[in-house]
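Understanding the architecture of this molecule
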Amino acid sequence: MTKPFQKILVIQTAFIGDVILATGVLEKIHQHYPEAQLDFLVRKGNEGLVKNHPYLNQTLIWEKKAGKYKNLIKSLKGIRRKKYDLVVNIQRFSNSGFLTALSGADLKIGFDKNPFSWAFDKKITHDINNGLHEIERNHQLIAELTDSSPSKPKLYPSKADYKNVESLKDFSYTCLAPASVWYTKQFPKEKWIEFLQETKFEGMIYTLGAPTDHSLCEDIIQKSGKTNTKNLCGKLNLLESAALMKDAKMNYVNDSAPMHLASAMNAPTSAIFCSTIPDFGFGPLSDDSNIIQIEEPLSCRPCGLHGKKACPEGHFKCGHQIKISLMTRLNS
């Protein structure tokens, strides 16, 4: 009989997309241990993703940028005081491994790639080339404690989040998220402009992103000549963006955080893959999902698991040679 855990901590201190994918683990744990106190540790800046999450007792925050190691020790002390029965570490780097190893939990589970995995009670192989989606790899951590089927990631925008975007939904609309932290994950600006010029969609077109993405999206809008557009970069928080994406006719995204936002809302998604490939296991999960990528094989693609700051070959064919017709047919 599976131990009835009372206090459970899930750790994912990576980036926005990783945190969103980790919510599938929260869903599954709650399904099997609905009475357990379930906490989630994230890095500062990502806590807004799970604000008012119905299954979470508390969201713990690690402040990484200011006093990284001082705050790591502070986080460890807080974790040890809570006396968790179970710690599930989804992050594969040393900082989270340190917290897990010294957590004092009865059962500590994580991936074998973590440098502190030697101190875990159970370690699972993480293989990026095993054909599984990342949510399936994450689920392997808790499969023996739950069941064999992974849960999809899910976010919970509040009533206020939905109300704040309500006026934007008065007509048919599409969302675009043109930016990415990594250059080679980002569909080229010229191609976004071409897409806006070629699309026959007559509803509103919203661009989404951070405040730092505003100038990029403004340039795309201006050069496209489209008037049925509105730049929302920096105007919505993450959950408001998710609430808006939920009812869009289509969401056009890079292999980046907005793709996972759309997945977590089961929103229509067209994911554009440039230098990376869906086979890595980070593709869209919505029921209505489309993959957009170059049709011809390139010897240099993929050039890595993550994006790069510049195309190593200098041509960025994996982005520039994607046919716009693959996108416009989905938004006519």
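Now for a quick tour of the structure. (Residues numbered from 1 in each chain as written. Predicted model: local features only at pLDDT ≥ 70, side-chain atom pairs only at ≥ 80, totals over all residues. Heavy atoms only, no water.)

1. Focus: the sheet that holds strand 5 (residues 107–111)
Keep this limit in mind: Pairing between strands requires that DSSP locate at least two bridges from one strand to the other. Secondary structure follows DSSP: runs of H or I at least 4 residues long count as helices, runs of E at least 2 residues long count as strands, and numbering of each begins at the N terminus. Fitted lines through C-alpha atoms serve as axes, helices being fitted only where they are in contact, and the angles separating the N-to-C directions of these axes extend from 0 to 180 degrees.
On the basis of which strands lie adjacent, the open sheet formed by 6 strands has the order 3-2-1-4-5-6 and parallel pairing. Strands at the two margins of the open sheet, each flanked by one partner only, are strand 3 (58–62) and strand 6 (122–124). Each adjacent strand pair in this sheet contributes to an overall mean axis angle of 15°, direction not counted. The pairing of strand 5 with strand 6 spans 3 bridges and is parallel.

2. Some thoughts on the environment of alanine 248
Rules: Contacts were defined at the residue level, with two residues in contact if any of their heavy atoms lie within 4.5 Å.
Mapped onto the fold, alanine 248 is located in the loop between helix 8 (238–246) and strand 10 (250–254). On a C-alpha basis, the gap between alanine 248 and alanine 267 in space is 7.2 Å, while along the polypeptide they are 19 residues apart. Excluding residues that lie within four positions of it along the chain, alanine 248 makes contacts with Tyr173, Cys175 and Pro268.

3. Considerations on the packing of helix 6 (residues 189–198) against helix 7 (residues 214–224)
Filter applied, for reference: Should an angle lie under 35 degrees it is considered roughly parallel, over 145 roughly antiparallel, and from 65 to 115 roughly perpendicular; all remaining angles are considered oblique. In a left-handed crossing the near helix is turned counterclockwise from the far helix by less than a right angle, and in a right-handed crossing that turn is clockwise. Charged residues are taken to be Asp, Glu, Lys and Arg, nonpolar residues to be Ala, Val, Leu, Ile, Met, Phe, Trp, Tyr, Cys and Pro, and polar residues to be all remaining types, Gly included.
Two numbers describe how helix 6 lies on helix 7: the axes approach to 9 Å, and their chain directions differ by 45°. In terms of axis orientation, helix 6 runs oblique to helix 7. Judged by the sense of rotation from one axis to the other, the crossing of helix 6 with helix 7 is right-handed. Residues Lys189, Trp192, Ile193, Leu196 and Gln197 of helix 6 touch helix 7, and the partners they reach there are Leu216, Asp219, Ile220, Lys223 and Ser224. Per-class residue counts for the contact of helix 6 with helix 7 are 5 nonpolar, 2 polar and 3 charged.

4. Re the nonpolar core
The line we're drawing: To form a nonpolar core, buried Ala, Val, Leu, Ile, Met, Phe, Trp, Tyr and Cys residues must be joined to one another through side-chain atoms within 4.5 Å. Summary of the burial criterion: residues with accessible area below 20% of their type's maximum are buried, those above 50% are exposed, and those between are partly exposed, where the area comes from a 1.4 Å probe applied to protein chains only.
Residues Val10, Phe40 and Leu244 are the most contacted members of the largest nonpolar core, which totals 52 residues. Sort the elements by how many residues they give to this core and helix 1 (residues 16–32) lands first, with 6 residues. When near neighbours in sequence (up to four residues on either side) are disregarded, leucine 244 contacts Val165, Leu168, Lys169, Tyr173, Cys175, Tyr206, Leu208, Leu232 and Leu236. If you look at the next biggest cluster of nonpolar residues, it comprises 25 residues, including Leu176, Ile220, Met250 and Met327.

5. Here we look at the environment of cysteine 300
Relative to the helices and strands, cysteine 300 resides in the loop between strand 12 (289–292) and helix 10 (317–320). Distance from cysteine 300 to valine 50, taken between C-alpha atoms, is 38 Å for residues 250 residues apart in sequence. In this structure, cysteine 300 is in contact with Glu313 and His315, ignoring residues within four places of it in sequence.

6. What about the pattern of salt bridges?
So the rule is basically this: We define a salt bridge as a side-chain nitrogen of Lys or Arg found within 4 Å of a carboxyl oxygen belonging to Asp or Glu.
Counted by the stated rule, this structure contains 13 salt bridges. One salt bridge in this structure joins glutamate 134 and arginine 92, with 3.5 Å as the shortest N-O distance. Linking glutamate 134 in helix 4 (residues 134–139) with arginine 92 in the loop between strand 4 (86–89) and helix 3 (94–101), this pair joins segments that are 42 residues apart in sequence. Notably, a salt bridge pairs lysine 185 with aspartate 255, separated by 3.9 Å at the nearest N-O pair. Pair noted here: lysine 185 is in the loop between strand 7 (173–177) and helix 6 and aspartate 255 is in the loop between strand 10 and helix 9 (257–264), with a separation of 70 residues, a long-range link. When its relative accessible area of 13% is taken as the criterion, lysine 185 is described as buried.

7. A short note on the sheet that holds strand 9 (residues 229–231)
Read across the open sheet, the 6 strands follow the order 9-8-7-10-11-12; overall the sheet is parallel. A strand with exactly one partner marks an edge of an open sheet, and here the two such strands are strand 9 and strand 12. Geometrically, the sheet is characterised by an average inter-axis angle of 20° between neighbouring strands, direction not taken into account. One ladder, built from 4 bridges, connects strand 7 with strand 8 (residues 204–207); its direction is parallel. Of the residues in strand 8, the one forming a bridge with threonine 174 is isoleucine 205.

8. Considering the packing of helix 8 against helix 9
Contact geometry for helix 8 and helix 9: axes closest at 9 Å, N-to-C directions at 60°. For the element pair helix 8 / helix 9, the angle class is oblique. Taken as a pair, helix 8 and helix 9 cross one another with a handedness that is right-handed. Here helix 8 contributes Leu238, Ser241, Ala242 and Met245 to the contact with helix 9, which in turn contributes Pro258, Leu261 and Ala262. Classifying every residue of the contact of helix 8 with helix 9 by side-chain character gives 6 nonpolar, 1 polar and no charged.

9. Focus: the pairing of strand 4
The side chains of a regular strand alternate, first on one face of the sheet and then on the other. The cut-off we apply is this: Assignment of crossover handedness uses the view with strands pointing away from the viewer, where a clockwise path from the first strand over the helix to the second indicates a right-handed crossover.
On strand 4, burial covers both faces: Leu86 and Val88 on one face and Val87 and Asn89 on the other are all buried. Taken together, the 4 bridges between strand 4 and strand 5 define a ladder with parallel strand orientation. Within strand 5, the position partnered with valine 88 by the bridge is isoleucine 109. Each parallel crossover has a hand, and the one from strand 4 via helix 3 to strand 5 is right-handed.

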